[in-house]
Amino acid sequence: MKKFEGLNYYEILKIPANSSYFEIKRAYKDALSLYDEDSLVTYALLSKAERNEILNEIENAYWTLIDEKKRTAYDMMLVDSGQMEAATTSREKLNKSVPISSTPVILNENQLYSRVREKMATEEIKKLSDEILSGERLSGNDLKKLREAAGINIQELNYITKISGSVLNAIEEDRLEALPPDLYLRNFLKSYAQILQIDPQKVVDRYFKTILLAQKKDTSDPH
Amino acid sequence: MTEIYPIGGGKGGVGKSFITVSLGALIAKWGKKVVVIDLDLGASNLHTLLGMKSPETGINSFLNKTVKDLQRTAVPTIIPNLFLISSSHCSMEIANLFYAHKLKIIDAIKKLPFDYILLDLGPGTNFNTLDFFLTSEQGILICTPEPTSIENSFRFIKTVYFRKLKQIAKKSAFNSIFKSTSLDLNKPETMPHDIIEIVLKHDPDKEAHFRDQLGEFRFKLIFNQFRKNIDATLGNQFQNVCNRHFYSSFEFLGNVSYDSRIHDAVFSKTLFIHKYPHTQSCADLKKIVEKITNNKHQRVSQKKYYEKI
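Let us look at the structure shown here. These numbers come from a predicted model, not from an experiment.

The next subject is empty space enclosed by the protein. Residue and element names in this part refer to chain B. Summed over all chains, the structure comprises one cavity of 30 Å³ or more. If you go around the largest cavity, the residues you meet are Phe18, Val21, Ser22, Leu49, Ala265, Val266, Thr270, Leu271 and Phe272. Put simply, the parts of the chain that give the lining of the largest cavity at least two residues each are α1 (16–29) and α11 (260–267). Take the lining of the largest cavity: its biggest share by element is three residues, from α1.

Okay, here's the thing in structure tokens:
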């Protein structure tokens, strides 16, 4: 059995040395699913120790290559030791075009949940969430307050719920015209509430009441 | 140049015999002279899949010396250019082949004057199966896309590997090293990898030689009974993982689609590719045959190229 002996981090992830963040991220996800203990291809091939060793190497490779500083140092080491040519590491152009939303915050869902659970258990937050849910209606701003208090940023929310940033913003800012159709909105609100670990049904009911009220105002007000 | 393809796979019922017969028939249609040899000793039934009665001559006549030349035990089939060497008339105890007999058969197979020789092996990883699988520098591994079968395939690869390693070791006088390290082969964690490591520690000079020898063996993979709901890239993933973690080379030849009519054909004792030539499974088999025959041309031309240099 060969493991990853003698392979550099790029070879482990099977990507060229000038890979962009996107490519590194994708390669990392592919590698994780291939060497997962439930993977049909590898589950019978590797012993537990071998699998852990391999997964460990994949983690090392990923966390080095997505960190600009660490990656530069690693590349220099490869160039110095003659494993790579300096020209192949130049990737300035590629990196400039990477938009903010792709910042490499890969989140472990479980980690996020446990983080929120801890927060939600604190007196302060409990009070806040009870307060918000006690009313007959709730607004996007209430959700935002709770989200921020729980220490979740919008990118994390977007990453886990897969709801686009613009929709999340529209929900939090109560911008009726930018909200998706009711059916979608209902499900988006549910996922949002699940992340905050508050009763999804209550959130949906109260949020829709707010919308209805706002729509009535709209129609009664000629402006 | 003769191409020998042993066809094996850890598990029974994955379709080794079916694939052997189908590939044999399709290669024969390309005008090549092909022989399929039934080496599932003690459980042979290639003749049935070919729609024939059990032939009188076969490996039995070769072993009991009524026929001196193995070639003369090959009987023609309904397909022109395709011949069969059966083992259906072998003795009841043939499954426990004498070592000398085994060597005799392997030796004779290597000398057969055919373009393609396909060996249909039995299931499992007993020494006979392994040694027949190592008759050539290449072998086809049949597997179904199910966890049990994939599990068995890895086991098969690992044991073939281990057997191969022992062969090399003997030839290159590594034997003493094996003995001196007193490896506990009964321990499940003793893998070829460990053995290589141990040998390397003893004799780093031989490291390259050892790896080269192992690297010369070429595994070919076929996924049989492939159903539509399964990830079609499974074979390629399997190939890549094996190439990464074993020293030998692995090539995925293709998937053969599942078709219940294959069972019908077996029941009616007719050749599937004759009865249902316009099925997906048949198209899949044809693609695999193209790869196999191209392989030969490529390697031959490569060899010529190197000889020129």
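Back to the text.
With that out of the way, let us pick up the pairing of strand β2 (residues 34–39) of chain B. Residues and elements named next belong to chain B. Of all six residues in β2, six are buried; the element is thus mostly enclosed. Of the two faces of β2, both are covered, the one formed by Val34, Val36 and Asp38 as well as the one formed by Val35, Ile37 and Leu39. As defined by bridge partners, β2 adjoins strand β4 (residues 82–85) across four bridges and the pair is classed as parallel. Note on β4: the bridge partner recorded for Val36 is Leu84. Summarising the sheet, β2 and strand β5 (residues 116–121) pair through six bridges and their orientation is parallel. The residue of β5 that forms the bridge with Asp38 is Asp120.

For helix α9 (residues 140–149) of chain A, the full list of buried residues reads Gly140, Asp142, Leu143, Leu146 and Arg147 of chain A. All buried residues of α9 of chain A fall inside an arc of 160° around its axis, so they share one side.

Basis of the calculations
- Residues numbered from 1 in each chain as written.
- Chains lettered and ligands numbered in written order.
- Predicted model: local features only at pLDDT ≥ 70, side-chain atom pairs only at ≥ 80, totals over all residues.
- Heavy atoms only, no water.
- 1 Å grid on protein atoms, 1.4 Å probe; cavity = no way out; pocket = protein on both sides within 12 Å on 5 of 7 lines; lining within 4 Å.
- Points joined across faces, edges and corners; volume = space filled by probe spheres on them.
- Helix = DSSP H or I, 4+ residues; strand = E, 2+ residues; numbered from the N terminus.
- Buried < 20%, exposed > 50% of the residue type's maximum accessible area, 1.4 Å probe, protein only.
- Pairing = 2+ DSSP bridges.
- Arc of directions from axis to C-beta.

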